[in-house]
There are 2 protein chains.
Amino acid sequence: MAGGVGSRFWPMSTPEKPKQFIDVLGIGKSLIQLTVERFETIIPVENVWIVTSEKYKSIVREQLPSIPESQILLEPCMRNTAPCIEYVSRKIYAKYPEANLVFSPADHIVLDVNRFREVIKDSLEFTENRDAILTLGMMPTRPETGYGYIKSCGCQQPTANSQQPIAKVEAFKEKPNLETAKSYIAEGGYYWNAGIFIWNAKMVVNTIATLVPELASVFDKIEPYFYSEKEQEIINQYFPTCPNISIDYAVMEKSKEVYVYPADFGWSDLGTWGSLYTHLEQDENNNASVGQNINLIDCKNCIVHTPSERKVVIQGLDNFIIAESDNTLLICKKDEEQHIKDWQK
Amino acid sequence: MAGGVGSRFWPMSTPEKPKQFIDVLGIGKSLIQLTVERFETIIPVENVWIVTSEKYKSIVREQLPSIPESQILLEPCMRNTAPCIEYVSRKIYAKYPEANLVFSPADHIVLDVNRFREVIKDSLEFTENRDAILTLGMMPTRPETGYGYIKSCGCQQPTANSQQPIAKVEAFKEKPNLETAKSYIAEGGYYWNAGIFIWNAKMVVNTIATLVPELASVFDKIEPYFYSEKEQEIINQYFPTCPNISIDYAVMEKSKEVYVYPADFGWSDLGTWGSLYTHLEQDENNNASVGQNINLIDCKNCIVHTPSERKVVIQGLDNFIIAESDNTLLICKKDEEQHIKDWQK
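My aim in this report is to walk through the structure given alongside it, one point at a time. (Residues numbered from 1 in each chain as written. Chains lettered and ligands numbered in written order. Predicted model: local features only at pLDDT ≥ 70, side-chain atom pairs only at ≥ 80, totals over all residues. Heavy atoms only, no water.)

**As for the sheet that holds strand β15 (residues 320-325) of chain B**
To keep things clear, this is the line we draw: Should DSSP find at least two bridges between two strands, the strands are regarded as paired. Helix numbering and strand numbering both begin at the N terminus, where a helix is a DSSP run of H or I of at least 4 residues and a strand a DSSP run of E of at least 2. Axes here mean lines fitted to C-alpha atoms, for a helix over just the part in contact, with angles spanning 0 to 180 degrees between N-to-C directions.
Spatially, six strands are ordered β12(A)-β14(A)-β16(B)-β15(B)-β13(B)-β11(B) in an open sheet, and the strand pairing comes out mixed. Two strands in the sheet have a free side with no partner beyond their single neighbour: β12 (293-297) of chain A together with β11 (288-290) of chain B. Neighbouring strand axes in the sheet, compared pairwise and without regard to direction, differ in orientation by 5 degrees on average.

As structure tokens, then:
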């Protein structure tokens, strides 16, 4: 799922080139490249599908040349995650009715890729022949208020690999305030919702038909054109009529067959500058820099993100974000980053 | 005189495109364009000569298309102001022995151009038939430590226009410390040295022959090639052998025939970010901005200078310089600007 516009990371991320296509960590690979790479060895690249906006098609082709063009699905407009998941699932199901699917955002990071792959393999095994929706629940390491939470019922399910404590979900919880988040941590059985879902194609199609019929009916009209030359034209015609709805709201909070796999592989949605800051190497003054030619003088607790070819000299700042894209500069206090959306208008 | 590299104004000014070629004030004209424009109506453009580095030739041609290419003199290396003045004076004198000359830096600003023109006209009248070197002394408005001072002897000279208090120079004073600068202001008769000199070509040639013979002797060798196809080749060969010396040190401090014209036309050498700041319009929070798309939030006392097409959002800074060139960003406290030279290395 690579259709987001990444507005919180402005100006590094812009509507023309959002976060998933940027080398956020300064390691020579964009987040979507890292995401595809993360599935190597467990899912062959010929089984990888990208759903994105039509305006990002050329970036996807450029950054992921190994993905066949026929597996890059283009949304003509943004309609949140439910239509995205329905589109790719219906299309795959039409040709491969036995398919077992992993849905992943393209703009998150995972630190322990080996552990991630183990979890995904276990998960696919769990959903292969089960009418189940498996979500990955991240072991919380702090009372984070920027994530939604999944509450497990605590009743472990039998799995082939009994080491895996997969359990039924009792409830999904919206982003809590700090007090509530602290109570979740203290109580236990709460996990961060990573937005990664594993279920088989038949289960997706049947569940959406039952729980979101107004969405399924749109794709009933589109289905006859899958894999035809007219597919994009028909998508462009009907996709805008899909309800604008998230899979969490449309399905996860309603289905009785949702499970959670508590996992710990160093995950972040990189949803804020602050969360990126914690994932970058910091110098002796707690400055984190992404860029090739950055000279910090009398600075501390800053995060600096600049294009690699750019020369930067910064003196005398404490606890600031300094970020540049090709044509934009942002300097602001870290504590004020929630206002970035307003300032960029 | 347009050969300087403007290192104090980095990164707005770079060795590739120094200050004189930049629209420092954000008004659509570079400082050298403003300088040439300042002489319009009193000196015809066909009498304007530019001395610059060979690497700036194309910028000069582009920014000043009305100046004949034959009047753009190219120094193969930097040798301070005395060789620059000797070169252009010897060349003009060889063809126009009656010429009367004004030497002006290309990177200063003048606010009251009408008053400036009156002063230059008076000055040319004073030096036309006199063996005199006339310097412009700026009425000091504050105990500035960034300028050299000229001490007048106080004895006014008779001039055609007796309104003009031209006087002999008693001494040139180097940049003073604050205490000394304050005493100059209190005592009176001290003026800022603007580096603008008016003297006739014959006087320049004779004075340098007497006071700086090692410089004159270099141009004795070059002179036969003036206005020939070999001129640039010979200049490239001999100019590097000129002493690296300023006209102030080589001539002004030694000649007995130096006069000062105390003038007041709102002058600045724009030698520091601080001096530029005082010459820009300030908003209600005392921020001065040059750029088309600058959004300042909770900022005060800042100076922001960015390329016009660049979008900039800055929050939470007090008393900072934020400056960008095409490929470089500087953020530093205004009080620390004396260190900019060190940081850019």
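Now that the structure has been shown, we can carry on.
**Things to note about the packing of helix α3 (residues 81-95) of chain A against helix α7 (residues 213-222) of chain A**
Residue and element names in this part refer to chain A. Quick reminder of the rule: Note on terminology: angles under 35 degrees are roughly parallel, angles over 145 are roughly antiparallel, angles of 65 to 115 are roughly perpendicular, and the others are oblique. Less than a right angle of anticlockwise turn of the near helix away from the far helix marks a crossing as left-handed, whereas a clockwise turn marks it as right-handed. When checking whether two residues touch, look at their non-hydrogen atoms; a contact exists if any pair is within 4.5 Å. As a working rule, the residues Ala, Val, Leu, Ile, Met, Phe, Trp, Tyr, Cys and Pro are called nonpolar, Asp, Glu, Lys and Arg charged, and the rest polar, with Gly in that last group.
α7 packs onto α3 with a crossing angle of 40 degrees between their chain directions and a minimal axis gap of 10 Å. Classified by the angle their axes make, α3 and α7 are oblique. As α3 packs across α7, the resulting crossing turns out to be right-handed. Contact residues: Ala82, Pro83, Glu86, Tyr87 and Arg90 in α3; Leu215, Ala216, Phe219 and Asp220 in α7. Of the residues in the contact of α3 with α7, the class split is six nonpolar, no polar and three charged.

**Structural notes on helix α1 (residues 31-38) of chain A**
All names here are of chain A. This is how it is decided: Only protein chains enter the accessibility calculation, which uses a 1.4 Å probe. A residue is then buried if its area is under 20% of the maximum for its type, exposed if over 50%, and partly exposed in between.
For α1, the buried fraction is high: six of the eight residues fall into the buried class. Taken as a whole, α1 has its buried residues at Leu31, Ile32, Leu34, Thr35, Val36 and Arg38. If you follow the buried residues of α1, they end up packed against β1 (50-53), α2 (57-63), β4 (109-110) and α4 (113-128).

**With respect to the nonpolar core**
For soluble globular proteins, nonpolar side chains are generally found buried alongside one another. Residues and elements named next belong to chain A. This is how the line gets drawn: The definition of a nonpolar core used throughout is a set of buried Ala, Val, Leu, Ile, Met, Phe, Trp, Tyr and Cys residues joined through side-chain atoms within 4.5 Å.
Core analysis: the biggest nonpolar cluster contains 43 residues, and Ile50, Val102, Ile120, Leu136, Met138, Phe265 and Trp267 have the highest contact counts within it. Elements supplying a minimum of two residues to this core: α1, α2, β2 (72-75), α4, β5 (133-138), α5 (178-187), β8 (190-200) and β9 (258-263). Filtering out sequence-adjacent residues up to four positions away, Leu136 remains in contact with Val119, Ile120, Ser123, Ile150, Trp192, Asn193, Ala194, Ile196, Ile198, Val260, Tyr261 and Phe265.

**Considering the sheet that holds strand β13 (residues 303-305) of chain A**
Pairing in this open sheet of six strands is mixed, and the strands run β11(A)-β13(A)-β15(A)-β16(A)-β14(B)-β12(B) from one edge to the other. Across the chains shown, the open sheet's two edge strands, defined by having one partner strand only, are β11 (288-290) of chain A together with β12 (293-297) of chain B. When strand polarity is set aside, the average angle formed by the axes of neighbouring strands in this sheet is 5 degrees. Sheet analysis places β11 of chain A next to β13 of chain A, joined by three bridges and oriented parallel. Of the residues in β13 of chain A, the one forming a bridge with Ser289 of chain A is Val304 of chain A.

**Focus on the environment of Phe239 of chain A**
Residue and element names in this part refer to chain A. Residue placement: Phe239 occurs in the loop between α8 (231-238) and α9 (247-252). For Phe239, a relative accessible area of 0% gives the class buried. Through-space distance from the C-alpha of Phe239 to that of Glu62 is 25 Å; in sequence the pair is 177 residues apart.

**A few points about the interface of chain A and chain B**
To keep things clear, this is the line we draw: Buried area is calculated as the accessible area (1.4 Å probe) missing from two parts once they are joined, with the contributions of both summed. Criterion for a salt bridge: a side-chain nitrogen of Lys or Arg within 4 Å of a carboxyl oxygen of Asp or Glu. Any pair of nitrogen or oxygen atoms within 3.5 Å is treated as a polar contact; in protein, a donor-acceptor pairing is required on top of that, and neighbouring residues in sequence qualify only through side-chain atoms on both sides.
Residue-level contacts link 28 residues of chain A with 28 residues of chain B. With both sides pooled, the region where chain A packs onto chain B buries about 2,300 Å², and carbon together with sulfur makes up 51% of that total. Where chain A meets chain B, there are two salt bridges. Across the chain A-chain B interface, the total number found is 22 residue pairs in polar contact (both at pLDDT 80 or more). Elements with a contribution of two residues or more to the side of chain A that touches chain B: β12, β14 (311-315), β15 (320-325) and β16 (328-333) of chain A. Sort the elements by how many residues they give to the side of chain A that touches chain B and β16 of chain A lands first, with six residues. Residue classes in the side of chain A that touches chain B are distributed as 13 nonpolar, seven polar and eight charged. As paired elements, β16 of chain A and strand β14 (residues 311-315) of chain B share four bridges and run parallel to each other. Residue pairing across strands places Leu330 of chain A opposite Val313 of chain B, the latter belonging to β14 of chain B.

**Regarding the packing of aromatic side chains**
Here is the rule: Pairing of aromatic rings covers Phe, Tyr and Trp, the last counted by its six-membered ring, and requires centre-to-centre distances within 6.5 Å; plane angles under 30 degrees mean stacked, over 60 mean edge-to-face, and any other angle means tilted. The criterion for a charge sitting over a ring is simple: Lys NZ or Arg CZ within 6 Å of the ring centre, and within 35 degrees of the ring normal.
Under the counting rule described, the total for this entry stands at 27 aromatic pairs over all chains. The ring of Tyr249 of chain A has Lys254 of chain A sitting right over it, with the charged end atom 4.7 Å from the ring centre.

**Considering the pattern of salt bridges**
Per the counting criterion, the structure on display carries 26 salt bridges over all chains. Residues Glu37 of chain A and Lys29 of chain A are paired through a salt bridge, measuring 2.8 Å at the closest nitrogen-oxygen approach. Judged by its relative accessible area of 33%, Lys29 of chain A falls in the partly exposed class. A salt bridge links Arg90 of chain B to Glu223 of chain B, with the nearest nitrogen and oxygen atoms 3.0 Å apart. Of the two residues, Arg90 of chain B sits in helix α3 (residues 81-95) while Glu223 of chain B sits in the loop between α7 (213-222) and α8 (231-238), which places them 133 residues apart along the sequence.

**Description of the packing of α7 of chain B against α8 of chain B**
Residues and elements named next belong to chain B. The interhelical angle for the contact between α7 and α8, taken along N-to-C directions, is 150 degrees, at an axis separation of 10 Å. By the angle class used here, α7 and α8 are roughly antiparallel. Helix-helix and strand crossings are classified by hand; for α7 and α8 the assignment is right-handed. Residue-level contacts link Val218, Phe219, Lys221 and Ile222 of α7 to Ile234, Ile235 and Tyr238 of α8. Looking at the contact of α7 with α8 residue by residue, the class counts come to six nonpolar, no polar and one charged.

**Details of the side chain of Thr306 of chain A**
Residue and element names in this part refer to chain A. On the secondary structure map, Thr306 appears in the loop between β13 and β14. For Thr306, a relative accessible area of 5% translates into the label buried. In this structure, Thr306 is in contact with Val290, Gly291, Ile294, Val312 and Glu324, ignoring residues within four places of it in sequence.

**Regarding the pairing of strand β16 (residues 328-333) of chain B**
Residue and element names in this part refer to chain B. Burial of β16 is extensive: five of the six residues sit out of reach of the surface. As paired elements, β15 and β16 share six bridges and run antiparallel to each other. In the sheet register, Ser325 faces β16, and the bridge partner there is Thr328.

**Considering the side chain of Ser255 of chain A**
All names here are of chain A. Relative to the helices and strands, Ser255 resides in the loop between α9 and β9. Within polar-contact distance, the side chain of Ser255 engages the backbone nitrogen of Glu257 at 3.0 Å. Beyond its immediate stretch of four places on either side in the chain, Ser255 contacts Ile133 and Leu211.

**Brief notes about the relation of the copies chain A and chain B**
Applied cut-off: Least-squares superposition of the copies uses the C-alpha atoms of those residues scoring a pLDDT of at least 70 in each of them.
Overlaying chain A on chain B yields an RMSD of 0.1 Å, the required transformation being a rotation through 180 degrees with an accompanying axial translation of 0.1 Å. Each copy turns onto its partner about a two-fold axis. Comparing contact sets, 100% of the residues at the interface of chain A also lie at the interface in chain B, consistent with an isologous, same-surface contact.

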